[in-house]
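# Fold and contact review
The primary structure of each chain is shown beneath.
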Amino acid sequence: MKINKQYQWPLIFLFLLLFFIFFALFEENKPIENKVRLDLELNPGIIKIDEKKKEHEIAIKLKAVNPTQSVFTPDVYFFRVELNRSYPDSPGYIIKEFSTKLGAASDEFEENFLWEENILNNEEFKFRIHFNMYRRNGNKEPTLIASSTKILRLEK
Amino acid sequence: MKITNVRFIYIFAFFYFIYFSTLTYLKWQAHSPSLDYHAYLQMYWNTANGDILMYNRASETQYSLFSAHFSPFLLMIFPAYLIFSHPLTLYFVFGFVISLSFIPLYFFALDKLKSRLSAVLIVLSFYLYFPFSWTHRHGFAEEAFATPFLLFAFYFLHKNRPWLYALFSFLTLSLRINMVIPVFLMGIYSIIKNKSRKQGIFICSLSMFWLFYTLNVIYPKHTVENNSFYVYGFFGDYGKNLREIITNILSDPSKILQTLTSESRLKYVNGLFGSVLFLSFLSPDILFIGVPILLLNMLASYTRLGSLWTYYHASSLPFIWLALIVTLQRLGTLWERLSQKLTIKLNKTFVINILLVVIFVKNYNIIKHSDNGIHYPFSETFNMRTYERNKRDDTADAILTTIPKTNSIATQHSYLEHTAERKWQFPTSNFSGYYPDIVLFDSWASSAEFKIVPDNKLYSKIWEDSFFFLYSRNDLLKIYNIKDFVYSTYKNYNERFEYLALVNPKESSVFYSSLEPQISIDVNDRYHLVQKLEIQKDNPSALEIPVEKENLYGANDLLHIGKERSGNLKAEILEGTDFKANYRVLFSGIYKFEDLTHKTNLIRINLNDLNIEKSKTYWLMLSLDINRKNARELINSYKTFIGIPDRTVKSIKDETADTNVYYSFDSGKKWSSDAYPDKKLVYAIYYGNLVTEEKGVNLENGSIIISGTPWNLKNQLGNLLNYESDYNSVVIIGPVTEIL
């Protein structure tokens, strides 16, 4: 197909205009795709590291608020509590993973965890606790729906 | 169309593609990594799975390629990966496009020099030109595509095909931001030379807009607030933003001159121009397009830019060679004029071809005899071990291809091209502090990162063999009785998710004399080795010793195939208190030269029938089995390794214990024991029954590694219930979701 010469320049400019607009609007995938709000309470907020103790008990209070009133069934959605070193979306140490239905406006879960000392020691980075909600994605990595993060303060 | 009618250049380009693809495939299957390919592969896999152009490299966060380089071209070739989702697809596309470089170069030379022989000599010399080979044989980068694109752009400009010129200029711009420079200057060239002037003005304007758009729209959008743009890091010594960098470069001309004339920079210039006898400088009207990028590379704080063992000069090569062709044409014309006044009557084409033969021979000599030629199979420095595959590669592949893509992995650089098709992957060199699901260590990885296996309670060792160590993070790992898993607990796992399962034979264990190999030592007709074996328990099942065959003629044994040589490696186990006098040979094995590779092989000796007892003394002797046919034959040589004793094993304190590595320099007549104090010959001894029958075993020591949905695992593991005497537990890796 031969393009008539008089259309060559307009077509080129149109192509470039669309090209530049596309990349100006192009956004990388945001990790969180839904508006479910997750609240996370750490108790205590500061962990005192006792070098003689192998394990430290930390209570975590979790609250999921569902302003959309959608029913999130346990077969499709699940929650994960994890510990990361620095960044919110780096691969983390999974402390607890569980499924529950989130149908009401809000649900609360209270959990106590024992964390082994070796996870916390010898690291000078910030530790973050995440309370994440995921949607299962076949045999692919689950999709993160909502997240709440708190920095875990450690004292020796 | 008859094959004889196909022009030489198309056949040449096709063979170059086959040549590139073959070498790349051999390198890939031998787990010899190249620069950055794993990062691009991970990015493509992420793109195919919805995270467009995202990757993490050694970082613990995912980021977009556009934060580093605005390279929309990578999205243009992405459909190839969608159609053929294979780790090598990107390599093959790369090789195909690079192979096209020869075509415009050939036709330009043919046009200018009017001789097919001259054009062929140009193409052959360009193939031998080492800065070209390094742009695409060392690794993958979008910038390397600039060589064919700019050659096509210039050729079409020369042929007055304005829209094809504009198309290839656009493709070049879409590689990286620095491509704005040669594309802009080629636009200027077109205006000055009055060739496709309208398109030249358009391309100049587009280049300027591209620069503005990338710096003001793309980079701010993809860079974390208040962070300096990634590309400025290449010039970090001069400043944090464009203005600072330019001001500081221009404000100190003496420093700039000093940098440009330093030894390494002059070597850089010599590597690029010396190979073409500096003739390109005689056509500055073309060379000026490619020079600014070279100057920037030479000034950069990131010294890799100023090295020819990468791809950063890829956009300058076209103009060095196009300028060479124009110079040759001009010299030919000059010669024609001169020869009218001289008595010597030599055809100008003959003179040009003489120069081209000199260039060809010069390039051939460079790659034949120097490290610059490492990528050419006929170079003395071509490294055979990079392309060889042995049994350990099979083991690595059995593991790497089984791990589900949903699991994050940390492993040595050698294996990253095989683990890249997943969201998260990390090099073990930066492993500390990350928490990937699975960690694979190989003591003999070709990327030469000899690693101490981490003493980290966050991870558990789930399998080890052949000096491979596979770890899983504790929170993901559960051990079940196979029967329990098959009958009930498989139901606890998500039926749609894939899990990794590992079954090890009962009561199996390994003892390593050393996990930190430090020195390689020769074993040949003169040098023999002996060390007392440390036997931990009665009846060990196998002994493994790492060995490599040596190149007798330099790095490239390929050049000497068929030459006469003799001598196979001999490994013996002696029983007795004194290996020199009071012993009997319990085992003697011959390992043929042709069956071993130049990279580490593990020779495995089955000890099951030897009835070895802990209370007795055993020695391992390595020597040469030789039956010389004539005096001209070369004697083969082998290497094995010694290292520091394994720190994880508590040694039995016995003052009388003989830990010496005995070394003989005269074929075993006299023995020295003080050459390597506090070191041990590296070997491994296995305990437990080696399971050899067919039970789905896919790893060396009788272990089974499988993956799949819980139902798949249940079915596969169900077969093992018939072999309860060999296997009783299974390790499942993947979180159990507890339904509350």
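Please read these numbers as outputs of a predicted model, since none were measured by experiment.

### A word on the overall build of chain A
- Across its full length, chain A carries two helices and eight strands.
- Each helix (α) and strand (β) of chain A, taken in turn from the N terminus, gives the series α-β-β-β-β-β-β-α-β-β.
- Taking all 156 residues of chain A together, 17% fall into the buried category.
- A separation of at least 24 residues holds for 70% of the contacts in chain A among residues at least 6 apart in sequence.

### Points about the overall build of chain B
- For chain B, the count of helices and strands is 23 helices and 26 strands.
- For chain B, the spread of C-alpha atoms along the principal axes amounts to about 95 × 80 × 60 Å.
- Across the 740 residues of chain B, 45% fall into the buried class.
- Expressed as a percentage of contacts within chain B between residues at least 6 apart in sequence, the contacts between residues at least 24 apart total 74%.

### A look at the packing of helix H1 (residues 8-29) of chain B against helix H5 (residues 89-99) of chain B
Residues and elements named next belong to chain B.
- Packing of H1 against H5 leaves a shortest axis separation of 9 Å and a crossing angle of 150 degrees. The orientation of H1 with respect to H5, classified from their angle, is roughly antiparallel. Seen along the crossing, H1 lies across H5 with a hand that is right-handed. On the side of H1, the interface is formed by Ala13, Tyr16, Phe17, Phe20, Ser21 and Thr24, while H5 contributes Tyr91, Phe92, Gly95, Phe96, Ile98 and Ser99.
- By residue class, the composition of the contact of H1 with H5 is eight nonpolar, four polar and no charged.

### So, the interface of chain B and chain A
- Taken together, the contacts link 35 residues of chain B with 30 residues of chain A.
- Among the elements that make up the side of chain B that touches chain A, the one with the highest residue count is helix H12 (residues 197-222) of chain B (three residues).
- When its residues are assigned to classes, the side of chain B that touches chain A shows 16 nonpolar, ten polar and nine charged.
- Judged from the two bridges that link them, strand S5 (residues 93-99) of chain A and strand S26 (residues 738-739) of chain B form a sheet pairing that is parallel. Counted as the bridge partner of Ser99(A) is Ile739(B) from S26(B).

### Observations concerning the sheet that holds strand S5 (residues 438-442) of chain B
All names here are of chain B.
- Spatially, the five strands line up as an open sheet ordered S4-S3-S5-S7-S6, and their pairing is mixed. In the strand order of this sheet, the two ends are held by strand S4 (425-427) and strand S6 (459-465), each with one partner. Taken over all neighbouring pairs, the strand axes of this sheet differ in orientation by 20 degrees on average, direction set aside.
- Pairing between S6 and strand S7 (residues 468-473): six bridges, direction antiparallel. Looking at the pairing, Tyr459 lines up with Arg473 of S7.

### Overview of the sheet that holds strand S8 (residues 477-481) of chain B
Residues and elements named next belong to chain B.
- Sheet architecture is open: four strands sit in the order S8-S25-S9-S24, paired in antiparallel fashion. With one partner strand each, in any of the chains shown, S8 and strand S24 (704-708) form the two edges of the open sheet. Along the sheet, successive strands turn relative to each other by an average axial angle of 25 degrees, direction set aside.
- The pairing of strand S9 (residues 499-503) with S24 spans five bridges and is antiparallel.

### Points about the confidence of the model for chain B
Residue and element names in this part refer to chain B.
- Taken as a whole, chain B shows an average pLDDT of 90; of its residues, 94% reach a score of 70 or greater.
- Highest mean pLDDT in chain B belongs to helix H9 (residues 146-158) (98); lowest belongs to S26 (74).
- Complex prediction metrics read pTM 0.92 and ipTM 0.87.

### Description of the pairing of strand S4 (residues 77-84) of chain A
Residues and elements named next belong to chain A.
- Of all eight residues making up S4, six are buried, and the element is well covered by its neighbours.
- Bridge analysis of S4 against strand S7 (residues 127-137) gives eight bridges, and the strand direction is antiparallel. Each bridged residue has a counterpart across the sheet, and for Phe78 the counterpart in S7 is Tyr134.
- In this sheet, S5 lies alongside S4 in antiparallel orientation, the contact comprising five bridges. Looking at the pairing, Arg80 lines up with Glu97 of S5.

### Considering H9(B)
Residues and elements named next belong to chain B.
- Look at H9: 18 Å from first C-alpha to last across 13 residues, which is about the 18 Å you get at 1.5 Å a residue.
- A large share of H9 lies buried, amounting to twelve of its 13 residues.
- Taken as a whole, H9 has its buried residues at Ala146, Thr147, Pro148, Phe149, Leu150, Leu151, Phe152, Ala153, Phe154, Tyr155, Phe156 and Leu157.
- Tucked inside the fold, the buried residues of H9 contact H5, helix H6 (102-113), helix H8 (130-137), helix H10 (162-173), helix H11 (180-192) and helix H18 (317-341).
- Count one or two residues on from H9 and you reach Asn160, which has phi positive near 60 degrees.

### What to know about the packing of H10(B) against H11(B)
Residue and element names in this part refer to chain B.
- Packing of H10 against H11 brings their axes to within 9 Å, and their N-to-C directions diverge by 155 degrees. Compared by their axis directions, H10 and H11 come out roughly antiparallel. The hand of the H10/H11 crossing is left-handed. The segment H10 lies against H11, with Ser169, Thr172 and Leu173 engaging Val180, Val183 and Met186.

### Things to note about H10(B)
All names here are of chain B.
- An ideal rise of 1.5 Å per residue puts 16 Å on twelve residues; H10 measures up with 16 Å between its terminal C-alpha atoms.
- Judged by how many residues are buried, H10 sits mostly within the fold: nine of twelve residues are covered.
- Taken residue by residue, H10 has Pro162, Tyr165, Ala166, Phe168, Ser169, Phe170, Leu171, Thr172 and Leu173 as its buried positions.
- In the core, the buried residues of H10 are packed alongside helix H3 (73-76), H9, H11 and H12.

### Some remarks on the environment of Asn29(A)
- Position of Asn29(A) among the secondary structure elements: in the loop between helix H1 (5-25) and strand S1 (37-43).
- Residue classification places Asn29(A) among the partly exposed positions, given that 16 C-beta atoms sit within 10 Å.
- Setting aside anything within four residues of it in sequence, one finds Asn29(A) in contact with Gly50(B), Asp51(B) and Ile52(B).

### Section: the nonpolar core
Residues and elements named next belong to chain B.
- Of all hydrophobic cores here, the largest spans 149 residues; its most connected members are Leu105, Ile122, Ala153, Ile320, Leu322, Ile325 and Ala501.
- Mapped onto the domain boundaries, this core takes at least three residues apiece from domain 1 (1-99) and domain 2 (391-508 + 689-740).
- Among all residues touching Ile320, those that are not within four sequence positions of it are Leu272, Phe273, Val276, Ser280, Leu287 and Gly290.
- By size, the runner-up hydrophobic cluster in this structure holds 40 residues, among which are Val547, Ile605, Tyr638 and Ile685.

### Section: unusual backbone geometry
All names here are of chain B.
- One non-glycine residue, Asn160, lies in the positive phi region at around 60 degrees.
- If you trace the backbone, Asn160 turns up in the loop between H9 and H10.
- With a phi angle near 55 degrees, Leu277 is a residue other than glycine that sits in the positive phi range.
- By the secondary structure assignment, Leu277 is in the loop between helix H15 (263-273) and helix H16 (284-287).
- The class for Leu277 is partly exposed, based on 15 C-beta atoms found within 10 Å.

Calculation criteria
Residues numbered from 1 in each chain as written. Chains lettered and ligands numbered in written order. Predicted model: local features only at pLDDT ≥ 70, side-chain atom pairs only at ≥ 80, totals over all residues. Helix = DSSP H or I, 4+ residues; strand = E, 2+ residues; numbered from the N terminus. Buried ≥ 20, exposed ≤ 12 C-beta atoms within 10 Å, placed from the backbone. Contact = placed C-beta atoms within 7 Å. Axes fitted to C-alpha atoms, helices over the stretch in contact; angles between N-to-C directions. Parallel < 35°, antiparallel > 145°, perpendicular 65-115°, else oblique. Left-handed = near helix turned anticlockwise from the far one by under 90°. Nonpolar A, V, L, I, M, F, W, Y, C, P; charged D, E, K, R; others polar. Pairing = 2+ DSSP bridges. pLDDT = per-residue confidence, 0-100. Expected span 1.5 Å × (residues − 1). Core = buried A, V, L, I, M, F, W, Y, C linked by C-beta atoms within 7 Å. Domains from an automatic or database assignment.

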